[in-house]
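# A look at the structure
What follows is each chain in one-letter form.
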Amino acid sequence: MQASNPGSAIHTDLILIGGGHSHALVLRRWAMRPLPGVRLTLVSPQVQTPYSGMLPGLVAGHYRFDETHIDLARLCQFAGARFIQSSVTGLDLERRLIALDGRPELEADVLSINCGITPELSVPGAQQYSTPVKPVASFYARWQSLRQRLRQRAAQAHGDTPLAIGIAGGGAAGVELIQAMRYALSRDPQVKAALQFHLLQKGAGLPEGYPRALQRQLAKRLADQQIRVHEHFEVSQVDAGGVVDQHGRRLPLQEVFWCTAAAAPDWPQRAGLKTDAGGFIEVNPQLQSSSHEWVFASGDIAHLAHDPRPKAGVFAVRQGPLLAQNLARFIRRRPLRRYRPQRRFLSLIACGGHYALASRGPLNLGGGWVWHWKDRIDRRFIRHLNQLPPMAAAAAAKPTAQPMRCNGCGAKVGADILARVLRRLQQQPGVDFTPGSDDAAAVAVPAGTQLLQSVDFFRALIDDPYRLGRIAALHALNDLFAMHASPLSAQALVILPYSSEAIMERELYQLLAGALSALSAHGCSLIGGHSAEGAELGLGFCVNGAATGDTLIRKRGIHAGDKLILTKPLGTGVLFAAFMRGAAAGSWIAAALEHMEQSNAAAADILQRHGASACTDITGFGLLGHLREMLAGGGPAVGLELDQLPLLQGAVECASRGYLSSLHPHNEAAGRLIQNRETGCRHARYPLLFDPQTAGGLLASLPPAQAADCLATLHNAGYKDARIIGEAQAADLPPFVLLR
């Protein structure tokens, strides 16, 4: 009998809701000082979160998108934290459950909230006819859309009819944005019509609440830029023609941006957290919820009851390091430290071009040098969070004291854990889960059909257990889809990392809930399985399907003249090889996961209806390895168009930088099939021929007369990246591949 050391067993779930500045700093600090036995998870709807201080520069065109956004996925990877891309919809404080959009709830032991704020659009017409600036994370897409509309509208404008753009809101954000917009649009050669800019404020003096000396400097800047300021203009209505103030005065505007005071999301208050009148979470000097000590809050969502502060990013940045300390201290049951907000803080206001104003207490300055000063500060902050060392200290967390685990039991997960998870899964709506009570499951096969079986298993490539469950299930089902078989049943094989019973139960539930969401969508029942403890997370399925002989598609059967269609882009191998080293952009991984979660079932139906002569799914052996299997035993030669290969964003860049899967060298053996290998190997896409895929697409051969219509049907069904990548041709020699 062999004993195994579990390593750092997990006993506490610390969950961060929202990717705001303070949470980004918590993650950065966690990478250097991880807490053994604690699993850190970030929940955010965005993979990249904007640094609000650089948003005006992004709008003005001074920065690229990636230069102004924090890559949360990479930061989590660096910190050894889980990243779950989802929106929070509710909170059960009694059971410590976090409700997520479209997926099972998460369980937390300690919770920190920095989810930002939402636009306050209660003014009639504001929601329909204005563009809200908050939340900042989604503003840039709306700005790009507006810019395109302005280009189109300008092209259709008659004569010098001006286009009037207005911003409602007299704070620093509104002041910076209207100058940035004017700077960008006035320099856009495609926006040829005359432009007017209007800034609407409830009070007087801009920005409101700032020293008079700075307001005078800014008033001159706005006047020089011909930006008209409307003081004491409280918008009471927005419509298609513009805005109306509290006195009934109308201001015609073609575009309205909403930059007034924002509101808190409603779910913290609905959950029962103590909030102020506006719904912002009330916290004590230690950044703890005033009503629930296991909940912390920071940033704009937090209200310091003892010392209220403006909603400004400078406070969230200052809160980050102390929040990280207090979360660790709370878990260790040590005294918490007090947050002392700065009385005077530096305000830097960008003025469109390379000019900015500075204010701190009685000091007010302006000039190009101030803009460059602000630029250095902002870039240093982003560099700290985006340019990460090639290591993750979190991986070096010391193991906690845990009893040695004996493998004499087969390292099985406890029966009580399984029973509780199974009960919860059976209560999920819309799932097909029928575990049997016997030692083996009986599978009924429809009359007149053949039973097909396949098995797949792999180590976790992402740390979101729900999405991993979905991807693993779809990956296993792909073998059935490739043969145009209908899934019947599945059994799961799960390896769970060593952890406490509570953590293990949470992980198993998320994994199987994700798998069931994919299996049930295809009429596949989960009928049993096996679970065990191990050093790292792993998941696989044995799947059963049925098909009739006349609808079955075999792997071999390519005919001369057939066109080859690939339904999904390549590149998961190189992307995740790079991601594991912290070298892949989070947006690349997010896009790859979306493709991996796209089922091949509909594609298989389309290929079969269009007369596919052969089909296989692209997985571990890569495109060329699986094509070699299709050609085994004799057949035509194949010409592949390298430029037609559909690729995931970032795949070529990762491959060119040498981030290749560990299976890649073995897959390259299939290169012997290439007749003109010396020519093809110089192509940038060549390495992707051997890239192993997870939940990849289908590769099929079709009669040439059906190929174009089949491709169009695939595109209409949502397989937007499907491509005709080559054709088969008669050959006297053994099967070979030509790269073109």
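One numbering rule holds for all chains: residues counted from 1, following each sequence as written. A pLDDT threshold of at least 70 governs which residues receive local features in this predicted model, and a stricter bar of 80 or more applies before side-chain atom pairs are shown or counted, although totals over entire chains, interfaces and linings include all residues. Side-chain numbers here rest on the full set of heavy atoms in the structure, without hydrogens or water.

## What about the packing of helix α12 (residues 465–482) against helix α13 (residues 501–520)?
Working convention: axes come from line fits to C-alpha atoms, limited for helices to the stretch in contact. Angles between N-to-C directions cover 0 to 180 degrees. Numbering of helices and strands runs from the N terminus; a helix is a DSSP stretch of H or I covering at least four residues, while a strand is a stretch of E covering at least two. Interhelical geometry of α12 versus α13 gives an angle of 45° and a closest axis separation of 7 Å. The angle between the axes of α12 and α13 places the two elements in the oblique class. When the axes of α12 and α13 are compared, the crossing they make is right-handed. Each of Pro 465, Tyr 466, Leu 468, Gly 469, Arg 470, Ala 473, Leu 474 and Leu 477 in α12 lies in contact with α13, whose residues at this interface are Glu 507, Gln 510, Leu 511, Ala 513, Gly 514, Ala 515, Ser 517, Ala 518 and Leu 519. Residue polarity is assigned by list, with Asp, Glu, Lys and Arg as charged and Ala, Val, Leu, Ile, Met, Phe, Trp, Tyr, Cys and Pro as nonpolar; anything else, Gly included, falls into the polar class. Across the contact of α12 with α13, the residue classes break down as eleven nonpolar, four polar and two charged. Here is the rule for angles: anything less than 35 degrees is roughly parallel, anything more than 145 is roughly antiparallel, 65 through 115 is roughly perpendicular, and the remaining ranges are oblique. Crossing handedness: left-handed means the near helix sits turned counterclockwise from the far one by under a right angle, and right-handed means the same turn made clockwise. In what follows, a contact means two residues having at least one pair of non-hydrogen atoms within 4.5 Å.

## Thoughts on the side chain of Ser 454
By the element assignment, Ser 454 lies in strand β26 (residues 450–459). Every residue in contact with Ser 454, bar those within four places of it in the chain, is listed here: Asp 479, Phe 541, Cys 542 and Val 543.

## So, the pairing of strand β31 (residues 614–617)
Both faces of β31 are covered, namely the face carrying Ala 614 and Thr 616 and the face carrying Cys 615 and Asp 617. Two strands pair under a simple rule: DSSP has to find at least two bridges between them. Here four bridges tie β31 to strand β33 (residues 698–702), and the two strands are oriented antiparallel to one another. Across the sheet, the residue bridging to Asp 617 is Leu 698, located in β33. Exposure is judged per residue with a 1.4 Å probe applied to protein chains only, and the accessible area is read against the type maximum: over 50% gives exposed, under 20% gives buried, and values in between give partly exposed.

## Description of the packing of helix α1 (residues 21–32) against helix α10 (residues 368–386)
Any two packed helices are characterised by the angle at which their axes cross and by the distance between the axes. Packing of α1 against α10 leaves a shortest axis separation of 10 Å and a crossing angle of 50°. Comparing their axes, α10 and α1 come out oblique. Like other packed secondary-structure pairs, α1 and α10 cross with a definite hand, here left-handed. Along the contact surface, α1 presents His 21, Ala 24, Leu 25 and Arg 28, while α10 presents Phe 381, His 384 and Leu 385. In terms of residue class, the contact of α1 with α10 is built from four nonpolar, two polar and one charged.

## Quick word on the sheet that holds strand β24 (residues 363–367)
Pairing within the open sheet is antiparallel, and its three strands lie in the order β22-β23-β24. Of all the strands in the sheet, the pair left with one neighbour each is β22 (347–350) and β24. For this sheet, the mean inter-axis angle between neighbouring strands, taken without regard to orientation, is 15°. Relative to strand β23 (residues 356–360), β22 runs antiparallel, the two being bridged by four bridges. Opposite Ile 349, over in β23, you have Leu 357 as the bridge partner.

## Here's the deal with unusual backbone geometry
Look at the link from Leu 206 to Pro 207: it is a cis peptide, with omega at -10°. Mapped onto the elements, Pro 207 comes out in the loop between β13 (195–200) and α7 (212–224). The residue Arg 96 is not glycine, and still its phi comes out positive at about 55°. One can find Arg 96 in the loop between β7 (88–92) and β8 (97–100). One non-glycine residue, His 484, lies in positive phi territory at about 60°. Its place among the elements puts His 484 in the loop between α12 and β27 (486–497). Looking at His 484, the relative accessible area reads 16%, which means it is buried.

## Some remarks on the sheet that holds β7
Reading across from one edge, β7-β8-β9 is the order of the three strands in this open sheet, with antiparallel pairing throughout. Of all the strands in the sheet, the pair left with one neighbour each is β7 and β9 (103–107). Pairwise comparison of adjacent strand axes, ignoring direction, gives a mean angle of 25° for this sheet. As judged from the three bridges shared by β8 and β9, these two strands associate in the antiparallel manner. In the sheet register, Leu 100 faces β9, and the bridge partner there is Arg 103.

## Notes on the packing of aromatic side chains
Only centres within 6.5 Å qualify two rings of Phe, Tyr or Trp (six-membered ring in Trp) as a pair; their planes then separate them into stacked at under 30 degrees, edge-to-face at over 60, and tilted for everything else. Evaluated as defined, the whole model comprises six aromatic pairs. Between Tyr 51 and Phe 381 the ring centres are 4.7 Å apart and the planes differ by 35°, which places this aromatic pair in the tilted class. Residue Tyr 51 is located in the loop between β4 (48–50) and α2 (55–60), and its partner Phe 381 is located in helix α10; the two are separated by 330 residues in the primary sequence. We note that Tyr 51, like Phe 381, is buried.

## Observations concerning α1
With twelve residues, α1 extends 17 Å from end C-alpha to end C-alpha; this agrees with the ideal 16 Å at 1.5 Å per step. For α1, a buried count of ten out of twelve residues is recorded, marking the element as mostly surrounded by other parts of the structure. Along α1, the residues classified as buried are His 21, Ser 22, His 23, Ala 24, Leu 25, Val 26, Leu 27, Arg 28, Trp 30 and Ala 31. By this rule the span expected of a helix is its residue count minus one, scaled by 1.5 Å.

## Considering helix α11 (residues 415–426)
Given a rise of 1.5 Å per residue, twelve residues ought to cover 16 Å, and the 16 Å separating the end C-alpha atoms of α11 matches this to within 8%. When α11 is considered as a whole, its buried residues turn out to be Ile 417, Val 421, Arg 424 and Leu 425. Buried residues of α11 fall within an arc of 100° about the axis and therefore sit on the same side. Across α11 from its buried face, at more than 90 degrees, point the exposed residues Ala 415 and Asp 416. Against β9 and α13 lie the buried residues of α11. Our arc is simply the arc of the directions from the helix axis toward the C-beta atoms.

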